[in-house]
Amino acid sequence: METRKKILVVEDNALNRAMLVEILSARYTTLEAENGRTALELLRENPEGIALILLDVMMPVMDGYTFLDTVKQDPRLSLIPVIVLTQADSEDSEILALAHGAADFVPKPYRPQVILHRVAGIIHLRETAAMINHFQYDRLTGLYSKEFFFQKAQEILDRNPGRQYSILCSNIVNFKLYNDTFGIPAGDRMLKTIADGMTRHLGEEGIAGRCGDDRFVCLLDSARARYADLERMYRRTPGGLRGVEIKWGIYEITDRSLPVEYMCDRAMLAADSIRERYGCSVAVYDDVLRRKLLREQSITSSMESALESRQFAVYFQPKYRASDGRISGAEALVRWNHPEWGFLSPGEFIPLFEKNGFIFRLDRFVWEQTCALLRQWQDMGYPVLPISVNVSRADIYQPDLAELLLELTKKYGIEPQLLHLEITESAYTENARQIIAAVEQLRARGFSVEMDDFGSGYSSLSMLSQLKLDMLKLDRTFVQNEASQDPDRGILRLMVEMAHRMGLGVVAEGVETPGQLQHLQEIGCDYVQGYLFSPPVSPEEFDVMLSRLSRQPEAPPVNAPKPVQSRQYLLVVEEEPHCRSLLLSAFSEIYQVIPAADCTQALSALEGRELAAVIVSSTLPDAGARKIVSALRGSDVPRRIPILLLTPPEPETPNQELDVDDIACKPRDSLCLYCLRRRVEWIKARSAGQARERAMISEACRDYLTGLLNRRGLKRALDALGPEDYPLALYLFDLDDLKRANDCMGHSAGDRMLTHFADVLRRNTRSGDILCRYGGDEFAVILKGVRAADTVCARGDAICRGMAQLQLPDGPGLTCSGGAVLCADPDTAADVLIEQADQALYQAKRRNKGTCLLWDKQA
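Rules used throughout
- Throughout this document, residue positions are counted from 1 along each chain, in the order its sequence is written.
- Only residues with pLDDT of at least 70 are given local features in this predicted model, and only at 80 or more are side-chain atom pairs given and counted; all residues enter the totals for whole chains, interfaces and linings.
- The basis for the side-chain values is all heavy atoms of the structure; hydrogens and waters are excluded.
- Helix and strand assignments follow DSSP, with helices taken as H or I runs no shorter than four residues and strands as E runs no shorter than two, numbered in order from the N terminus.
- Classification of residues uses two cut-offs on accessible area relative to the type maximum, computed with a 1.4 Å probe and protein chains only: under 20% is buried, over 50% is exposed, and between them is partly exposed.
- Contacts between residues were defined by any pair of non-hydrogen atoms, one from each residue, lying within 4.5 Å.
- Computed with a 1.4 Å probe, the accessible areas rest on the Shrake-Rupley method; for each residue, only the protein chains presented here act as cover.
- Expected span of a helix, by definition, is 1.5 Å for each gap between consecutive residues, and there is one gap fewer than residues.
- For two strands to be treated as a pair, DSSP must find at least two bridges joining them.
- Whether a set of points on the 1 Å grid over the protein atoms alone is a cavity depends on a 1.4 Å probe fitting there but being unable to get out, while an open set qualifies as a pocket with protein on both sides within 12 Å along at least five of seven lines; lining residues are those with an atom within 4 Å of a point.
- Grid points are joined across faces, edges and corners, and a volume is the space filled by probe spheres set on the points.
- Between N-to-C directions, angles span 0 to 180 degrees; the directions come from axes that are lines fitted to C-alpha atoms, helices contributing only their stretch in contact.
- Handedness of each helix crossing follows the sense of rotation of the near helix against the far helix: counterclockwise by less than a right angle gives left-handed, clockwise gives right-handed.
- For this scheme, ten residues count as nonpolar: Ala, Val, Leu, Ile, Met, Phe, Trp, Tyr, Cys and Pro. Four count as charged, namely Asp, Glu, Lys and Arg, and the remainder, Gly too, count as polar.

(A) Representation of the overall build of the protein chain within the structure. Looking only at helices and strands, the protein chain features 30 helices and 29 strands. Taking all 859 residues of the protein chain together, the buried fraction comes to 50%. Nonlocal contacts in the protein chain, meaning residues at least 24 apart in sequence, comprise 68% of its contacts between residues at least 6 apart. Accessible surface computed for the protein chain: about 42100 Å², of which carbon and sulfur atoms make up 50%.

(B) Fine view of helix H8 (residues 184-202). Taking 1.5 Å per residue, 19 residues should reach 27 Å; H8 reaches 27 Å between its end C-alpha atoms and fits that length. Within H8, burial applies to Ala-186, Gly-187, Met-190, Leu-191, Thr-193, Ile-194, Ala-195, Gly-197, Met-198, His-201 and Leu-202. Following H8 by one or two positions, Gly-203 adopts a phi angle in the positive range, close to 60 degrees.

(C) Layout of the pairing of strand E15 (residues 419-424). Buried residues dominate E15, accounting for six of its six residues. In terms of strand pairing, strand E14 (residues 387-391) meets E15 through five bridges, oriented parallel. By the bridge assignment for E15, Ser-388 is matched with His-420.

(D) Spotlight on unusual backbone geometry. Omega for the peptide link from Tyr-726 to Pro-727 comes to 0 degrees, which places this bond in the cis form. Following the sequence through the fold, Pro-727 ends up in the loop between helix H26 (711-719) and strand E25 (728-735). In the Ramachandran plot, Val-61 falls in the positive-phi region, its phi being about 65 degrees despite a non-glycine side chain. In this fold, Val-61 is placed in the loop between strand E3 (50-56) and helix H3 (64-73). The exposure class assigned to Val-61 is exposed, which follows from its relative accessible area of 56%. Positive phi, normally seen in glycine, also occurs at Arg-310, with a value near 60 degrees. Its location among the elements puts Arg-310 in the loop between helix H11 (287-308) and strand E11 (312-321). Given a relative accessible area of 57%, Arg-310 falls into the exposed group.

(E) Just empty space enclosed by the protein, in detail. Overall, the coordinates contain four cavities of 30 Å³ or more when judged by the stated rule. Roughly 70 Å³ of internal volume is contained in the largest cavity. Lys-319, Ser-328, Pro-386, Met-471 and Arg-678 are, among the 13 residues lining the largest cavity, the residues nearest its centre. In terms of residues, the lining of the largest cavity owes the most to one element, strand E12 (residues 327-338), which gives three residues.

(F) A look at the packing of helix H13 (residues 359-379) against helix H21 (residues 539-550). Packing of H13 against H21 leaves a shortest axis separation of 12 Å and a crossing angle of 35 degrees. Where H13 crosses over H21, the handedness of that crossing is right-handed. Along its contact with H13, which presents Leu-373, Gln-376 and Trp-377, the element H21 presents Pro-539, Phe-542, Asp-543 and Leu-546. Taken together, the residues that form the contact of H13 with H21 break down as five nonpolar, one polar and one charged.

Spelled out as structure tokens, the structure:
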């Protein structure tokens, strides 16, 4: 249903106002005002909702002419058309009203048909003008829209055939990053500032338009298209653009037969040619750029036929284990062997295909060729190695990407684990939610996901922590630059350690020298790839490599535990006999495998054994997987045991709510067991890394001398308190003579006092109580579940007496004083309790040093 338009009737005569409302009410919604001031208040409350104003000229408080002048000065209100109500014989009033900005007038007495006709006509005229304005002008900046700029520029060129013009296009460097960092409103303000600068600079001698998110275009006399003028165009704009880099491209119009759109493309090509050149702000389209443009046009016009005629081929660059140099997989790379140009560099055609969208078709070709070759190599009995394929940014936005890849693996009968998907690092910064969702879908279907070119872009560690990846692939430039650093000081070591703590494998690409390899081995890199080992090779050459590999003895996977006499236990809980048998064969050489067919057997196997990891089926009957995970994550379990959850290839319901370390597809045959072994090792490495982190956090929360918590640890302990811990008692103890002992007998004696008092606290408290060295000679104690004030005082006095038992030869007498507070309300702030205990401690030291006093609010 169409929304009724609103008309504001401004008339001081109530009878006339009611008559106008009656005439309009059948077609319009009306608002009423008895004078100009009231009308302005209504307009300012709802400036967008009024379609037209009917205005009487002669009114008290604010007359119609003053109202028109006020409205004209407000940009939001000046676009609302006004029809003035005049006397029948008042021609002067009509002319004066039109001069003040009225759109039309209606004479009195009112004739309904005339009023309705004029109101409808003015509203239609306004809406038509608004549509034209929307087409012609960019809403944010007020510059011409792209299409209207092309039209106006062509008109100017046609009117001035003898005048020399230039097209200028601008591009803001890293505008998206600016938006992401400072917010879209700040980005909009930047665009307005640039637009204002262009408008001021051009004046009446040129025109400007907005061609995209961060791209502007100008047409102006060639004599004015100079670098200094371009600098002034935005440097002298109010508000400034300090730190913002703008690249300008200039096309001096020599061929007027070209459409203006093509002229702008040439100017933009010039701007893009200096995008990565720091300090260079202006480039002119010339023969070099013209040849580049023609080359790109030739490439794009040939791509369809090249794909159909099999000019594209898949090559493979092997990956090697850094520890022993054994081939562990390969990366599939596309090559274009053109019949006239020969082999084209991927750096020349891949960026073009990413821009025009053809990359998705090319990637599908590579995926299918890779799957077909994997099937062929398996049929020939070669070792089963995973192959990495590239997934471009355009592929990520395909809604059926996971299903498409899964269908390919089914078509050729290969396991998804054998197809590793490399997503470039820059893609992770564009749309976080989209990337996270895509990665989760791909891994849920059994694919391994790698972050390619890590270290080359702007990806954040927070994004890395949100994604469940399998591998980090270090960028070649980063590897080559860092490899010359001291292994103990370079950032590469930190990156490898971080990846291992997160349970990720690490591949270094671009390894070209023995020195680089040695450096990567020293810092624990898992896999390497580069010309030191092998360039990309054809499928036939890689076939020969696999044939040789099949004749070599199998080495254990990198980082796998070596078989020793007392092997670690691995619990495998799987109800399907075939799948359970496959898992036993995969892990029996490395672990002492404990098989279980159901939840009952698994829970009994947990007793008395130190498990290295657990593999559990998500399809166990009676919610068995949930019960096993709950038992392993119970509060009485001393450490976190890594858990790998096995699901069918297409699980009916997600298992993300289970607290497991990773999810993988159930193995259907022996071909996918390599990937499962590696995943188990990774979740173990991740769990070990997390344990180390917890130990580091624990260490950071403890006092190095006494082993008690420090202030940081006390805060964490206080934050962890629950209602079940109340009522509780909080104590503050102070060693009365520590400074004197340090001065008289040295700091070693003072340290003995501190460690002795820590032992006193341990003897007089329970294991669940909280003990803290609060300061140099101050200690805090929290006793949980204490209800009686007498108990609080007795425990405090016992601690003070225990301190007096330490005897230092030739030293001062040792005493300690304490203050305590009893609290039953969990909502009481910790700072309040500490302040109250401190007040009690102060009173104890004043009244009777060496005792403990309970805080009393009456004291």
